Amino acid sequence: MDNNTKVDSVLSEEKSPMMFDERMAKTQMWHFLILTCLPIPLTVAAFVWFPPTLTNILEFLVMWFLTLVGVICGSHRYLSHRSFEPVKSLKQSLVALACMGGQGPPVVWAAFHRRHHQFTDKDGDPHTPNQHNSKYNGVFHAAFGWMKRHEYPNPMVYVPDLLRDEEIGAVNKHYYKWIALAMILPALVEFAVTQKPIGLLTGFLWGWGVRSFVLSSTIGYINSLNHLIGTKTFQTRDNSRNHWWMTIITLGESFHNNHHAFPRSAHVGLYARNLDIGYGLIKLWQWMGLASNVQVPTPQRVESRKISKEES
Ligand SMILES: [Zn+2]
Ligand SMILES: [Zn+2]
C-alpha cells in the first residue's frame, strides 16, 4: 500500500477533530520546557554574562531571519493557507527552516493554525486571548501558557492535504534533528571563528537561546496582542487587529485583521503602502521561478469588505 492509499484509507474512517493522551502530554511538556521555557534564562545569561561578539550578533540575526521566514512564509502562508505553491527545493527548505524555529513540527503547526481560523476568538480556538477573565490572563495564555498542556487537532481532519505530500513529510518527520542542527550550527560557527571553547557556549546562547526567545515572543505577540488591541480595517467575526508598527519584525503578519479577512492572500498587507516583507519574498521567489499560484484578492473584493467610516 503506498502512502497516498494508506492516508486515503485512514481518511475514510470516522475521526475525532481533537486528540490527546498521556504520551502526547509528556512530549508536550518536554517541548514546552526545552523549546519555550529554557530560552528565557539563556537570554538573561547571554545579556548579563556573555556580551555578544560581532559574530554572535550576526549569528543571531541570520538564524532569527531564516527561522522567521520558515514560520511565516513556510508554516503560515504556505502550509496553513496554501497562498502560493513553491517548487520542491523551496518547499523543503521552508519546512526545514520552520522546523529549526522550534515552534512545533510545521505540519502540526498548520493543523493548530487552521483550527485557530475555524474558531477564532471563540471556544475551540487554541490560543485566543479573548476567553479569559482578564486581559492579563488572556495575553499570558495566548503568548505562552497555552503551549504547556492542550489537546491536538487531528492532522487527518485538519491537514490531510499536507499528509499526502511526501515532499513535506520527508522533512517534517526529522523535526527534532533540525532543532539539534539549529542548536549546534551557531555554536560551531563561533568556535571556528574564535578558536576558543567558550565560543561553543556563546554561539549557542546567542544563535539559539536568544534567537529562540525572540522568535517565540514574536509569534506570541501575534497570537495575543493582535487579537486584543489595534485597528480594524475589515469586518470580521473575530477580534483580530492591525499593528503597522510591528510589521518589520513580523514580516508583515501584524496586519492581522487584514489576514483574518483574507486568510488565503499571500499579501497580508493587502495595500502597497503596508510594508509586507513576507509577500516581498514570495514575489521574489515567483520572479525567480521558485513559486507560482500566488493568491491575492482583487482590489474590488478588498474594498467590498472594508469597514466604512460610519461603522468604524
Ligand atoms: Zn489570528
Ligand atoms: Zn492564518
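Given the structure is predicted, the values throughout are model-derived calculations rather than measurements. (Residues numbered from 1 in each chain as written. Chains lettered and ligands numbered in written order. Predicted model: local features only at pLDDT ≥ 70, side-chain atom pairs only at ≥ 80, totals over all residues.)

## Brief notes about the overall build of the protein chain
Thought 1: What the protein chain contains, in helices and strands, is 15 helices and 4 strands.
Thought 2: Relative to its length of 312 residues, the protein chain is compact, with a C-alpha radius of gyration of 20 Å against a globular reference of 20 Å.
Thought 3: Across its three principal axes, the protein chain shows a C-alpha extent of roughly 60 × 55 × 50 Å.
Thought 4: For the protein chain, with 312 residues in total, the buried portion stands at 42%. (Helix = DSSP H or I, 4+ residues; strand = E, 2+ residues; numbered from the N terminus. Rg over C-alpha atoms; globule rule 2.2 N^0.38 Å. Buried ≥ 20, exposed ≤ 12 C-beta atoms within 10 Å, placed from the backbone.)

## What to know about the UniProt feature "domain: Fatty acid desaturase" (unreviewed entry) in the protein chain
Thought 1: Under the local residue numbering, the UniProt record ascribes the feature "domain: Fatty acid desaturase" (unreviewed entry) to residues 61-265.
Thought 2: With 60% helix and 2% strand, residues 61-265 has end C-alpha atoms that lie 27 Å from one another. (UniProt positions renumbered as here; feature names shortened; annotations may be inferred.)

## A word on helix H14 (residues 277-287)
Thought 1: If you check which residues of H14 are buried, you get Ile 277, Gly 278, Tyr 279 and Ile 282.
Thought 2: On its buried side, H14 packs onto helix H4 (54-80) and strand S4 (291-292).
Thought 3: Phi turns positive one or two residues past the end of H14, at Gly 289, with a value near 80°. (Contact = placed C-beta atoms within 7 Å.)

## Side note on the UniProt feature "transmembrane region" (unreviewed entry) in the protein chain
Thought 1: As annotated by UniProt and renumbered to match this structure, "transmembrane region" (unreviewed entry) occupies residues 29-51, 57-79, 175-193 and 205-222.
Thought 2: Within the segment residues 175-193, helix and strand shares are 100% and 0% respectively, and the terminal C-alpha atoms sit 28 Å apart.

## What to know about the packing of H4 against helix H12 (residues 198-224)
For any two helices packed against each other, one specifies the crossing angle of their axes together with the interaxial distance.
Thought 1: Running from N to C, H4 and H12 cross one another at 40°; their axes reach a closest spacing of 9 Å. Between H4 and H12, the angle is such that the two are oblique. The handedness of the crossing between H4 and H12 comes out as right-handed. The residues of H12 that touch H4, namely those facing Asn 56, Glu 59, Phe 60, Met 63, Trp 64, Thr 67, Leu 68 and Val 71, are Thr 202, Gly 203, Trp 206, Gly 207, Val 210, Arg 211, Val 214, Leu 215, Thr 218 and Ile 219. (Axes fitted to C-alpha atoms, helices over the stretch in contact; angles between N-to-C directions. Parallel < 35°, antiparallel > 145°, perpendicular 65-115°, else oblique. Left-handed = near helix turned anticlockwise from the far one by under 90°.)

## Regarding unusual backbone geometry
Thought 1: Residue Leu 270 is not a glycine yet carries a positive backbone phi of 70°.
Thought 2: Among the residues examined, Leu 270 registers 25 C-beta atoms within 10 Å and is labelled buried.
Thought 3: Positioned with a positive phi, Asn 293 is a non-glycine residue whose angle comes to about 55°.
Thought 4: Considering the arrangement of structural elements, one finds Asn 293 in the loop between S4 and helix H15 (299-305).

## A few points about the packing of H4 against helix H5 (residues 88-101)
Thought 1: It is at 7 Å that the axes of H4 and H5 come closest, and there the two elements cross at 115°. Seen from above, H4 lies across H5 with left-handed handedness. Two secondary-structure elements touch here, H4 through Leu 66, Thr 67, Val 69, Gly 70, Val 71, Cys 73, Gly 74, Ser 75 and Tyr 78 and H5 through Leu 94, Val 95, Leu 97, Ala 98, Met 100 and Gly 101.
Thought 2: Residues of the contact of H4 with H5, tallied by class, amount to 10 nonpolar, 5 polar and no charged. (Nonpolar A, V, L, I, M, F, W, Y, C, P; charged D, E, K, R; others polar.)

## Re helix H6 (residues 106-118)
Thought 1: Counted at 1.5 Å a residue, the expected span for H6 with its 13 residues is 18 Å, and the 18 Å between its end C-alpha atoms agrees.
Thought 2: Taken together, the buried positions of H6 are occupied by Pro 106, Val 107, Trp 109, Ala 110, Ala 111, Phe 112, His 113, Arg 115 and His 116.
Thought 3: Where H6 is buried, its residues meet H4, H5, strand S3 (152-153), helix H8 (155-158), helix H9 (160-163) and helix H10 (166-172). (Expected span 1.5 Å × (residues − 1).)

## Let's talk about the environment of Asn 258
Thought 1: As for its position among the elements, Asn 258 is in helix H13 (residues 256-261).
Thought 2: Asn 258 sits in the buried class, given 27 other C-beta atoms within 10 Å.
Thought 3: The spatial distance from the C-alpha of Asn 258 to the C-alpha of Pro 17 is 27 Å, given a sequence separation of 241 residues.
Thought 4: Excluding its chain neighbours within four sequence positions, the residues that come into contact with Asn 258 are Thr 233, Phe 234, Asn 242, Val 268, Gly 269 and Leu 270.

## Structural notes on the nonpolar core
Thought 1: Counting residues in each nonpolar core, the largest one holds 52 residues, and the members touching the most others are Val 95, Ala 96, Cys 99, Val 107, Ala 110, Val 159 and Leu 162.
Thought 2: The residues touching Val 107, leaving out its near neighbours within four places in the chain, are Leu 79, Pro 155, Val 159, Leu 162, Ile 168 and Asn 172.
Thought 3: One finds Val 139, Ala 143, Met 147 and Leu 225 within the second-largest nonpolar core, a separate group that totals 6 residues. (Core = buried A, V, L, I, M, F, W, Y, C linked by C-beta atoms within 7 Å.)

## Here we look at the environment of Arg 211
Thought 1: Checked against the element boundaries, Arg 211 lands in helix H12.
Thought 2: Given 29 C-beta atoms within 10 Å, Arg 211 falls into the buried group.
Thought 3: Considering only alpha carbons, one finds Arg 211 and Trp 287, 76 residues apart in sequence, at a separation of 30 Å.
Thought 4: Not counting chain neighbours up to four residues away, the residues in contact with Arg 211 comprise Phe 60, Met 63, Trp 64 and Thr 67.

## Quick word on the environment of Pro 41
Thought 1: Structurally, the position occupied by Pro 41 is in helix H3 (residues 39-49).
Thought 2: By the C-beta count within 10 Å, which is 11 here, Pro 41 ends up exposed.
Thought 3: Residues Pro 41 and Gly 209, spaced 168 residues apart in sequence, show a C-alpha to C-alpha distance of 8.5 Å.

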